[in-house]
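Examination of the molecular architecture
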Amino acid sequence: MFEQGTVDVELNIPNKEIPILPLRDIVVFPGITVPITVGRPTSVKLVDDVSIGDKLCGLVLQKKKTEEDPQYENLYKFGTLARIVKMFKLPTNTVYLLAQGLERIEIEKFVQKEPYIKAQIKTIKEEQKPNTPEIEARMRNLLHQFQKAVSLSPKIPEEESYITAINIKEPGRLADFIVANLPLTTQEQQDILETFDPIERLNKVSVFLNKELEVLKLQSKIQEETKSKLGKAQREYFLRQQLESIRKELGEEDEHAIEIKELKKQIEESGMTPDAMKEAKRELDRLDKLPPQAAEYHVIRTYLDWLVSVPWKKSTKDNLDIEQAAKVLNEDHYDLDKVKDRILEFLAVRKLKKDTKGPILCFIGPPGVGKTSLGQSIARALGRKFIRMSLGGIRDEAEIRGHRRTYIGALPGNIIQGIRRAGTNNPVFMLDEVDKIGIDFRGDPASALLEVLDPEQNHSFSDHYLDVSFDLSKVMFITTANILDTIPPALLDRMEVLELPGYPQEEKLMIAQKFLLPRQIKENGLRAEDLEITDSAISKIIREYTREAGVRNVEREIANILRKIAKETAKGKKGPFKVNDKNIASYLGPVKFFSEMAERTSEPGVATGLAWTPQGGEILFIEANKMSGKKGLTLTGQLGQTMQESAKAALSYVRSKAKRLKIDENFFEKNDIHIHVPQGAVPKDGPSAGVAMATSLVSLLTGKLVKYDVAMTGEITLKGKVLPVGGIKEKVLAASRAQIKEIILPEKNEKDLEELPNHIRKQLKFTFVKNLDEVLAHALNRTRKPENRKQK
Ligand SMILES: Nc1ncnc2c1ncn2[C@@H]1O[C@H](COP(=O)(O)OP(=O)(O)OP(=O)(O)O)[C@@H](O)[C@H]1O
Ligand SMILES: [Mg+2]
């Protein structure tokens, strides 16, 4: 601060000549005492001389701050007369002095250059007028502004400056005092110094002060803002801290803290991968900072619950006792040796090499042949947990991989959910119906499944919800499907396909007696001695109440019978109840399926074909008829493109060979032909009905009947060659179910019979053919009397 002091009234200056001390960066005002540091040798000499003498000198600002040795022209014309009040020298030859401003001066003439400047001066006396109310008002206004500036600025010492200021009565002095205390540039200060009219000076200072006030206000606003930003976080922290201590004081344990601690423990004990651990800890940290009422709290909590409850490390120990496993498998299922062997093989390898990856098996077969139940049995044999998920109709990738956590109500996909349900990371995981998986805009579930089933990828399966990878390589995946064709090829490629084609009659009988019946007896709360069901009764169920490749309906019908018996028992009737092929209708009602064999081929133009369907094999009756017309061919029964082409080829062949077959060569000129395959509601396709179609046509046109117990399959060429076809096993089983005696097969299909059980092969007669002539020779027998034909 610069002080205000009293100013001598009379100054005695001889010749009005005084030494002039040039100042670099300060303007000294009358009435203000300021400290000044002097370093330049000329200036030091000046100060030395002056302090010995009358102590008076002129303080004048130099125009350029950098000027080392300012000449006359480098100095302002106006300055201040000052008295050196105090001085002391430092050993470095620098001098400190305290100078008191006395009067404004004007330099009239420079009179000396060396050793320091001396000039002749004129003092500018301040006009002394009584203050008018206006001046008084301006002074008060200035004072008011100054007070504000003082309170805002950390640089101006508050109380003192303001008190000093209100004690100044002259407007000019007040202006000088305030200016001396404002952070103005030296030019601005010089400007004020050169303003001699006190009122004008007062106004100028007011403007400067106003500007300064604005800056100060802004400064303090900025400071407030930064302060308040910091403050909010700090405040919250302190409040929490207080809350905690209040709780402690009250003896309440902090539930939140307990929860966090508990979770932390669970995370550490879960055995999760380092990646997962990192993520879990990060989320836990976030949870710790959230109040339990926050919506996000719940989301994070659920996520952490999932993370800790997935079985990262937990697994069951495999039962590696092969004999024991074989026993379990045989306990649950009859036959199915191929599949059982494969499982035992896996166990054997596993026994030798601990880290064997689970094979990915795919059971293919018609409904009810035991695919699902075999999976359960495998789990039991291995001592693993079993989980099942149906893929039928899944269109959304998220069902497999889950939704990202950003979705409201997001959860992991079915794979991770299944694993958690199992509680171990090596269950037998059955994915039913891979052949019925869909694709649409919600993503491709098959490709997500690929990641699950590919042994190269599934050790780091990433569920969208978990967001960290999980090792699925220890899981034993088994998929099931009814047909191979619709399984995405990339998926099929990763799997080992095992076929379960369905059972012939004898096997069904065994399964029913040994497995289905005992199980149903138990399930219906009966005892074995309560009833007797003869083999002939079960055979009748198989033949006449069901028509299927599997045994599901057989089991259902048996359950039907047992329920009725259970009802009777409950009524108090005593057993044992006897069920045989005679009284079975009283339990199950009239038979549901007749053997159509007898009636069907009683007319020419009907041949028995064999078809393959996802439900197993089927027998098909192919009917041909003719009517007067002209070269028309009608095909009905929902025949696919390939099947229609087969029909046309068959017709062309017959027409070309008409003469040799002893058929009227012009039959097509006079007749329309209609070929129909009954069960019109079922779509049919494929080339394998070609042989049967040609046979039915020849039968129709020659009037020869087709042998009723012969069925046939095979593709034909225009020249009458018979080509091999697929699905032989299923077709043969279907023929055996339908009590066919002889099957005509393409020669090239002979090798396919190897897959059939021996007793089936013995039961049926197989005829292998190369061309249609051979087919006709075997299939057609008696001729109808020509008159009969004409009557039609
Ligand atoms: N070889 C068998 N031995 C004993 N029981 C069997 C055998 N094959 C099937 N079963 C029984 O038949 C029933 C139906 O089998 P399951 O449900 O496994 O059929 P699936 O092949 O999975 O059929 P879908 O394709 O319709 O799912 C089950 O109760 C099963 O135990
Ligand atoms: Mg199933």
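As the structure is a prediction and not an experimental result, all values here were calculated from the model.

1. So, the confidence of the model for the protein chain
Across the protein chain, the average pLDDT comes to 85, with 93% of residues at or above 70. Low pLDDT, under 50, characterises residues 5-9; the stretch is placed with eight contacts to residues that sit more than four places away or in other chains. Segment residues 784-792: pLDDT under 50, and nine contacts once partners within four positions in sequence are set aside and those in other chains are kept.

2. Regarding the pairing of strand 13 (residues 476-481)
On a regular strand, each side chain points to the face opposite its neighbour's, so the side chains alternate between the two faces of the sheet. Counting buried positions along strand 13 gives six out of six residues, so the element sits mostly inside the fold. Both faces of strand 13 are covered, namely the face carrying Met 476, Ile 478 and Thr 480 and the face carrying Phe 477, Thr 479 and Ala 481. Relative to strand 13, strand 8 (residues 361-364) runs parallel, the two being bridged by four bridges. Note that in strand 13 the partner of Ile 364 across the bridge is Ala 481.

3. As for the packing of helix 2 (residues 133-152) against helix 4 (residues 171-181)
Angle between the axes and distance between the axes are the two parameters that describe a pair of packed helices. It is at 11 Å that the axes of helix 2 and helix 4 come closest, and there the two elements cross at 15°. Considering their axes alone, helix 2 and helix 4 lie roughly parallel with respect to each other. As helix 2 runs across helix 4, the sense of the crossing is left-handed. Contact residues: helix 2 offers Ile 135, Met 139, Leu 142, Leu 143 and Phe 146, while helix 4 offers Pro 171, Leu 174, Phe 177, Ile 178 and Asn 181. Class assignment for the residues of the contact of helix 2 with helix 4 results in nine nonpolar, one polar and no charged.

4. Quick word on the site of ligand 1
Near ligand 1, the surroundings consist of 19 residues, among which Tyr 334, Lys 371, Thr 372, Arg 519 and Arg 552 are the closest. Within the backbone of Gly 370, a nitrogen or oxygen atom sits 3.1 Å from an oxygen atom of ligand 1. Between ligand 1 and the protein, one listed contact pairs a nitrogen atom with a side-chain N or O atom of Tyr 503 at 2.9 Å. Here ligand 1 has 640 Å² of accessible area as a free molecule, and 87% of this is covered by the chains. Counting residues per element, the ones that place at least two in the shell around ligand 1 are helix 12 (371-382), helix 17 (505-523) and helix 19 (552-570).

5. Let's talk about the packing of aromatic side chains
All told, the structure shown has eight aromatic pairs when counted by the stated rule. Geometrically, the ring pair formed by Trp 312 and Phe 470 is tilted, given 5.2 Å between the ring centres and 55° between the ring planes. Taken together, the residues Trp 312 in the loop between helix 9 (295-309) and helix 10 (322-332) and Phe 470 in strand 12 (residues 469-470) connect sequence positions 158 residues apart. Accessibility expressed as a relative area gives 10% for Trp 312, which makes it buried. According to the relative accessible area criterion, Phe 470 is buried, its value standing at 2%. An angle of 55° between the planes, with centres 6.1 Å apart, marks the rings of Phe 667 and Phe 668 as tilted. With a relative accessible area of 4%, Phe 667 lands in the buried category.

6. Some remarks on the nonpolar core
Formed by 62 residues in total, the largest nonpolar core has its most connected members in Ile 20, Ile 36, Leu 59, Leu 174 and Ile 178. The greatest single-element share of this core, amounting to seven residues, is contributed by helix 2. Among all residues touching Leu 174, those that are not within four sequence positions of it are Met 139, Leu 142, Leu 143, Ala 165, Ile 168 and Leu 202. One finds Met 272, Ile 300, Leu 391 and Tyr 465 within the second-largest nonpolar core, a separate group that totals 53 residues.

7. Observations concerning the sheet that holds strand 10 (residues 428-432)
The five strands are arranged 9-10-13-8-14 in an open sheet whose pairing can be described as parallel. Since the sheet does not close on itself, it has two edges, and those belong to strand 9 (386-390) and strand 14 (496-499), each with one partner. On average, adjacent strands in this sheet sit at an angle of 20° to one another, irrespective of strand direction.

8. Describing the pairing of strand 10
Buried residues dominate strand 10, accounting for five of its five residues. Residues Val 428, Met 430 and Asp 432 point to one face of strand 10 and Phe 429 and Leu 431 to the other, with burial holding for every one of them. As defined by bridge partners, strand 9 adjoins strand 10 across five bridges and the pair is classed as parallel. Bridged to Ser 390 within strand 10 is Asp 432. Two strands pair when backbone bridges link them, and strand 10 and strand 13 are joined in this way by four bridges, in the parallel orientation. Looking at the pairing, Phe 429 lines up with Phe 477 of strand 13.

Reading the values: the criteria
Residues numbered from 1 in each chain as written. Chains lettered and ligands numbered in written order. Predicted model: local features only at pLDDT ≥ 70, side-chain atom pairs only at ≥ 80, totals over all residues. Heavy atoms only, no water. pLDDT = per-residue confidence, 0-100. Contact = heavy atoms within 4.5 Å. Buried < 20%, exposed > 50% of the residue type's maximum accessible area, 1.4 Å probe, protein only. Helix = DSSP H or I, 4+ residues; strand = E, 2+ residues; numbered from the N terminus. Pairing = 2+ DSSP bridges. Axes fitted to C-alpha atoms, helices over the stretch in contact; angles between N-to-C directions. Parallel < 35°, antiparallel > 145°, perpendicular 65-115°, else oblique. Left-handed = near helix turned anticlockwise from the far one by under 90°. Nonpolar A, V, L, I, M, F, W, Y, C, P; charged D, E, K, R; others polar. Near = heavy atom within 4 Å. Polar contact = N/O pair within 3.5 Å; in protein donor to acceptor, adjacent residues only side chain to side chain. Areas by Shrake-Rupley, 256 points an atom, 1.4 Å probe, with all protein chains shown as cover. Phe/Tyr/Trp six-rings, centres within 6.5 Å; stacked < 30°, edge-to-face > 60°. Core = buried A, V, L, I, M, F, W, Y, C linked by side-chain atoms within 4.5 Å.

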